[in-house]
Amino acid sequence: MRDVDQLLDEQQRFYSAKSEEYVDWIRNYMDPVRPHIEKLVHASPLSGSIVELAPGTGYWTETLSDLAHDVTAVDGSREMLDIVARRKLPNVTLVQADLFAWQPDRKWDYVFFVHWLAHVPIEKLPGFWKTLDQALKPGGQVIFVDVTAEEQAIEEDVGVESSVPVVTRSLDDGQKFTVVKTYWDPDELISLLSSWGWTATATPVARNEGRGFVYYTVERTRD
Ligand code: SAM
């Protein structure tokens, strides 16, 4: 039985090994719902300085680059960041860092991430949101997209290891890895964030097409 840090290490190794395959994988997975998310992103106030966490191959980084003055993209995988670099986005700075140890050295107007929160084990969640608080300018917002339990039905079976929900992911050559995967109920997540001083709204994305994505906007609760 691996402990949580060993699981997170395996999760990171999986994405580094998957990076080239992930370019097409994410397109196939997300292109059908992308217009719905694009619409919300373009209607959002996303602008100014944005830090994108876990950008992967940069599937969303180009959109952010168009909207923002500057984008900082932070991922733990050099292989993933090398793929983002191929996009040659002039206002994007790439930073390789483990998001569970990352200490922001500046502040941004917005923090943005897609398909990252599900990979954060619950025991690391309070620390992760404290880091987001440090990363945000006053009045800043966190905007993120993640899966819900509905999406689980078309993904793999969820197991539990070290009290953490996990799924098995594969490379094209058949190698298997275990990654953390929490399919949050939006109401439970909003209530948890509220207890940590955040106000969140959740907008379902493409539910009528049987997919379970949610677009969240989160800001510090005002007194
Ligand atoms: N946001 C992208 C998207 O929607 O296509 C990629 C999401 S992908 C599911 C997860 C990303 O998290 C990968 O790029 C992986 O390298 C990164 N990652 C995994 N563990 C990490 C860690 N501990 N610190 C930083 N990045 C990590």
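Residues numbered from 1 in each chain as written. Predicted model: local features only at pLDDT ≥ 70, side-chain atom pairs only at ≥ 80, totals over all residues. Heavy atoms only, no water.

### Some thoughts on the packing of aromatic side chains
Turning to step 1, where the next piece is worked out: All chains considered together, the criterion is met by 15 aromatic pairs.
Turning to step 2, where the next piece is worked out: Note on Phe113 and Phe128: the rings are 5.7 Å apart at their centroids and 70 degrees apart in plane angle, and the pair reads as edge-to-face. Within this pair, whereas Phe113 is found in strand β4 (residues 108–114), its partner Phe128 is found in helix α5 (residues 125–135), the two being separated by 15 residues in sequence.
Turning to step 3, where the next piece is worked out: The class of Phe113 is buried, set by a relative accessible area of 0%.
Turning to step 4, where the next piece is worked out: Ring geometry for Phe128 and Trp129: centres 6.2 Å apart, planes at 85 degrees, overall edge-to-face. Accessibility classification places Phe128 together with Trp129 in one group, the buried group.
Turning to step 5, where the next piece is worked out: Linked through ring pairs, Phe14, Tyr15, Tyr22, Trp25, Tyr29, Phe177 and Phe213 together constitute an aromatic cluster.
Turning to step 6, where the next piece is worked out: The ring of Tyr59 has Arg34 sitting right over it, with the charged end atom 4.5 Å from the ring centre.
Turning to step 7, where the next piece is worked out: Over the face of the ring belonging to Trp60 we find Arg34, whose NZ or CZ atom lies 4.3 Å from the ring centre. (Phe/Tyr/Trp six-rings, centres within 6.5 Å; stacked < 30°, edge-to-face > 60°. Helix = DSSP H or I, 4+ residues; strand = E, 2+ residues; numbered from the N terminus. Buried < 20%, exposed > 50% of the residue type's maximum accessible area, 1.4 Å probe, protein only. Lys NZ or Arg CZ within 6 Å of the ring centre and 35° of its normal.)

### Observations regarding the pattern of salt bridges
Turning to step 1, where the next piece is worked out: This structure, assessed with the given rule, holds 15 salt bridges.
Turning to step 2, where the next piece is worked out: In this structure, the salt-bridge partner of Arg34 is Glu38, at a minimum N-O distance of 2.8 Å. Taken as a pair, Arg34 and Glu38 lie in helix α2 (residues 34–43) at a separation of 4 residues, close to a single helical turn.
Turning to step 3, where the next piece is worked out: Residue Arg34 is classed as buried on the basis of its relative accessible area of 17%.
Turning to step 4, where the next piece is worked out: Its salt-bridge partner being Asp133, residue Arg220 comes within 2.5 Å of it at the nearest N-O pair. Here Asp133 lies in helix α5 and Arg220 lies in strand β10 (residues 213–220), a separation of 87 residues in the sequence.
Turning to step 5, where the next piece is worked out: What makes Asp133 partly exposed here is its relative accessible area of 35%.
Turning to step 6, where the next piece is worked out: Residues participating in the shared-partner salt-bridge network are Arg2, Glu10 and Glu161. (Salt bridge = Lys/Arg side-chain N within 4 Å of Asp/Glu carboxyl O.)

### Observations concerning the site of the ligand
Turning to step 1, where the next piece is worked out: Close contacts around the ligand come from 20 residues, with Ala54, Asp75, Gly76, Leu99 and Val114 the closest.
Turning to step 2, where the next piece is worked out: Tyr22 places a side-chain nitrogen or oxygen 3.1 Å from an oxygen atom of the ligand.
Turning to step 3, where the next piece is worked out: Note that a nitrogen atom of the ligand is positioned 2.8 Å from one of the backbone N or O atoms of Val114.
Turning to step 4, where the next piece is worked out: If the ligand stood free it would expose 600 Å²; the protein chains cover 98% of that surface.
Turning to step 5, where the next piece is worked out: More than half of the atoms belonging to the ligand lie within 2 Å of the grid points that define the largest pocket.
Turning to step 6, where the next piece is worked out: Among the elements that make up the shell around the ligand, the one with the highest residue count is helix α1 (residues 4–30) (4 residues). (Near = heavy atom within 4 Å. Polar contact = N/O pair within 3.5 Å; in protein donor to acceptor, adjacent residues only side chain to side chain. Areas by Shrake-Rupley, 256 points an atom, 1.4 Å probe, with all protein chains shown as cover. 1 Å grid on protein atoms, 1.4 Å probe; cavity = no way out; pocket = protein on both sides within 12 Å on 5 of 7 lines; lining within 4 Å. Sits in = over half its atoms within 2 Å of the grid points.)

No statement about biological role is implied by the geometric values presented.
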